[in-house]
Structures are given as C-alpha cells and as structure tokens.
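What follows is each chain in one-letter form.
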Amino acid sequence: TQLLEQSPQFLSIQEGENLTVYCNSSSVFSSLQWYRQEPGEGPVLLVTVVTGGEVKKLKRLTFQFGDARKDSSLHITAAQPGDTGLYLCAGDIGTSGSRLTFGEGTQLTVNP
Amino acid sequence: EPEVTQTPSHQVTQMGQEVILRCVPISNHLYFYWYRQILGQKVEFLVSFYNNEISEKSEIFDDQFSVERPDGSNFTLKIRSTKLEDSAMYFCASSVGYGYTFGSGTRLTVV
C-alpha cells in the first residue's frame, strides 16, 4: 500500500510570508499531482509532475518532484489570503488512468 | 473550461436503500473514476473505468457497489444496500492522461 504523508497538517501565516509544504512517501510514483480543495467541493488540479527533479511554476507557486520520485514540495511566495485552502498531494504508480493515492492534506490559512 | 458534473449534490437515504449517483464526465476524456471522502478523512479511490469496463477497484468497492456507463455520456455509481458507514462525499473524476478533473461531489447521508 502506497502512503503519502503531508506536512505540516496545519499552517497559519501572515500575508506576504513564504511557505513550503511537503509530501513524502517511501514509494516511487510515476507522477505526483497537487490539488487544492475548498470545503464542500472537489479537488482542483494545480499541477502534475512526472520527471524526477522536475520543477514547475504556477505564478507564485513552485512545485518540485524529488529526484527519486518519492517526494514533492510546494512553495508559495508572498502568500495572499486567497491562497487559503486545503492543499492535497496525490500520486499514482502506474500509467495514466491508474488510481491516485492521496495525502491527508495541508490546511493553509493566510491572515490579512 | 470543461467540467465534470455530478447529481444530485446532496442525497439522504435510509439504511438498506439503493442509491444511484450520477456523473457526466468531460466528453473527450477516456478514464473515469469514483472516489469518496468521509468527513475529516482523506480522499479514497473506489474504482476506475476505461473502455467500458472496470480497470481497477479498491478493497472498498465490494459487491454492494457497481458502476455503469449506460449511454456514452453518463457514468453512474450504484450502492445496492446502503450502510451508515457509506455516508461520505462521493467524487466523480475523469482524465485523458495524467491529471484529473473532479466534480463537485455528491454528499451522501445514510440515516
């Protein structure tokens, strides 16, 4: 069974601060995906990383896939209140179309 | 932006009753999925569907569950005899490769 552990579980910061959240596993994943989930809604895909060491940027968000494809990080620069939400990482071990294993998420609160 | 549409958004049912949750995936997607999220817990995989058949299912997806793509656009999840522990948010998703599009979910409450 593949497990993804996210840390920290909760993070509360002030507007303008930088932060990094982590997603770790002992398993190797074919791809790692990051989602954001609002209360009562489905996860919304932010990014997919598929190559070890890959770095992708989405405005103020930077995603990195570990060289061994077992871990990933999400860095947010100059956080804004609109970044508040639950950030989920999810990995799959097979080809496209295989099941995703989700982490429990990091609940981020950015205070004005 | 294309969306995955789920109906109903909320469903309350009595224990032992059958429920059917409905989804309209994105039209050019090839893979379809059902996930569930019990309140306060992580999102869990139930089943994946490709080329009109189940391609993978989890240990949660027992004989009480079934999926169907009856008409080329809808994708349904049926729970034959609901239990209290089936209460959860059920998410449909579809994909054409890596990266899924999830629907907004159906909140199922079994009383």
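To start, this report covers the structure provided alongside it. (Residues numbered from 1 in each chain as written. Chains lettered and ligands numbered in written order. Predicted model: local features only at pLDDT ≥ 70, side-chain atom pairs only at ≥ 80, totals over all residues. Heavy atoms only, no water.)

## Things to note about the overall build of chain B
Okay, so step 1: Helix and strand counts for chain B come out as zero helices and 11 strands.
Okay, so step 2: Order of helices (α) and strands (β) in chain B, N terminus to C terminus: β-β-β-β-β-β-β-β-β-β-β.
Okay, so step 3: Taking 2.2 N^0.38 as the reference for a compact globule, 111 residues should give roughly 13 Å; the C-alpha atoms of chain B span a radius of gyration of 13 Å, in line with that estimate.
Okay, so step 4: By principal-axis analysis of the C-alpha atoms, chain B measures approximately 35 × 25 × 25 Å.
Okay, so step 5: When the 111 residues of chain B are sorted by exposure, 47% land in the buried category.
Okay, so step 6: Put simply, 53% of the contacts in chain B that link residues at least 6 apart link residues at least 24 apart.
Okay, so step 7: Here chain B contributes 9 positive and 13 negative side-chain charges, whose respective centroids are spaced 3 Å apart. (Helix = DSSP H or I, 4+ residues; strand = E, 2+ residues; numbered from the N terminus. Rg over C-alpha atoms; globule rule 2.2 N^0.38 Å. Buried < 20%, exposed > 50% of the residue type's maximum accessible area, 1.4 Å probe, protein only. Contact = heavy atoms within 4.5 Å. Lys, Arg positive; Asp, Glu negative; His and termini not counted. Charge placed at Lys NZ, Arg CZ, Asp CG, Glu CD.)

## Notes on the interface of chain B and chain A
Okay, so step 1: With 21 residues of chain B at the contact, the number on the chain A side is 24 residues.
Okay, so step 2: Three residues stand out in chain B for area buried against chain A, namely K42, Y98 and Y100 of chain B, and they jointly supply 35% of the buried area on that side.
Okay, so step 3: For the pair chain B and chain A, the interface holds one salt bridge.
Okay, so step 4: A salt bridge links E56 of chain B to R99 of chain A; its shortest N-O distance comes to 2.8 Å.
Okay, so step 5: At the boundary of chain B and chain A, one finds seven residue pairs in polar contact (both at pLDDT 80 or more). (Buried area = accessible area lost by both parts, 1.4 Å probe. Salt bridge = Lys/Arg side-chain N within 4 Å of Asp/Glu carboxyl O. Polar contact = N/O pair within 3.5 Å; in protein donor to acceptor, adjacent residues only side chain to side chain.)

## Describing the nonpolar core
All names here are of chain B.
Okay, so step 1: Core analysis: the biggest nonpolar cluster contains 22 residues, and W34, L46, F61, V67, F75, L77 and Y90 have the highest contact counts within it.
Okay, so step 2: Going through the elements one at a time, β3 (19-24), β4 (31-37), β5 (44-50), β7 (65-68), β8 (75-79), β9 (88-95) and β11 (106-110) are the ones with two or more residues in this core.
Okay, so step 3: Leave out the neighbours within four places in its chain, and F61 touches L46, V47, I54, S66, V67 and L77. (Core = buried A, V, L, I, M, F, W, Y, C linked by side-chain atoms within 4.5 Å.)

## Observations regarding the side chain of S58 of chain B
Okay, so step 1: Along the polypeptide, S58 of chain B turns up in the loop between β6 (53-57) and β7.
Okay, so step 2: Not counting residues within four places of it along the chain, the set of residues in contact with S58 of chain B comprises R99 of chain A together with F45 and L46 of chain B.

## Remarks on the sheet that holds strand β1 (residues 5-7) of chain A
Residue and element names in this part refer to chain A.
Okay, so step 1: Read from one edge to the other, the open sheet built from five strands follows the order β1-β3-β8-β7-β6, with strand pairing classed as antiparallel. The open sheet has two edge strands, β1 and β6 (55-58), and neither has a second partner. Averaged over all pairs of adjacent strands, the angle between strand axes in this sheet comes to 15°, irrespective of strand direction. (Pairing = 2+ DSSP bridges. Axes fitted to C-alpha atoms, helices over the stretch in contact; angles between N-to-C directions.)

## Section: the state of the cysteines
Okay, so step 1: If you walk through the whole model with that rule in mind, you get two disulfides over all chains.
Okay, so step 2: Paired by a disulfide, C23 of chain A and C89 of chain A hold their sulfur atoms 2.0 Å apart. Judged by the sign of its S-S torsion, about 80°, the cystine formed by C23 of chain A and C89 of chain A is right-handed. Here C23 of chain A is found in strand β3 (residues 19-24), whereas its partner C89 of chain A is found in strand β9 (residues 85-92), with 66 residues between them in sequence.
Okay, so step 3: With relative accessibility at 1%, the residue C23 of chain A sits in the buried group.
Okay, so step 4: Paired by a disulfide, C23 of chain B and C92 of chain B hold their sulfur atoms 1.9 Å apart. Measuring handedness by torsion sign, the sulfur bridge of C23 of chain B and C92 of chain B sits at about -65° and is left-handed. (Disulfide = S-S within 2.5 Å.)

## Remarks on the sheet that holds β3 of chain B
Through backbone hydrogen bonds, the strands of a sheet pair up, either in parallel or in antiparallel fashion.
Residues and elements named next belong to chain B.
Okay, so step 1: Spatially, four strands are ordered β1-β3-β8-β7 in an open sheet, and the strand pairing comes out antiparallel. Where the open sheet ends on each side, the last strands, each with one partner, are β1 (5-7) and β7. Across the sheet, the mean angle separating the axes of adjacent strands is 20° when strand polarity is ignored.
Okay, so step 2: Of the strand pairs in this sheet, β3 and β8 are connected by five bridges, and their pairing is antiparallel.

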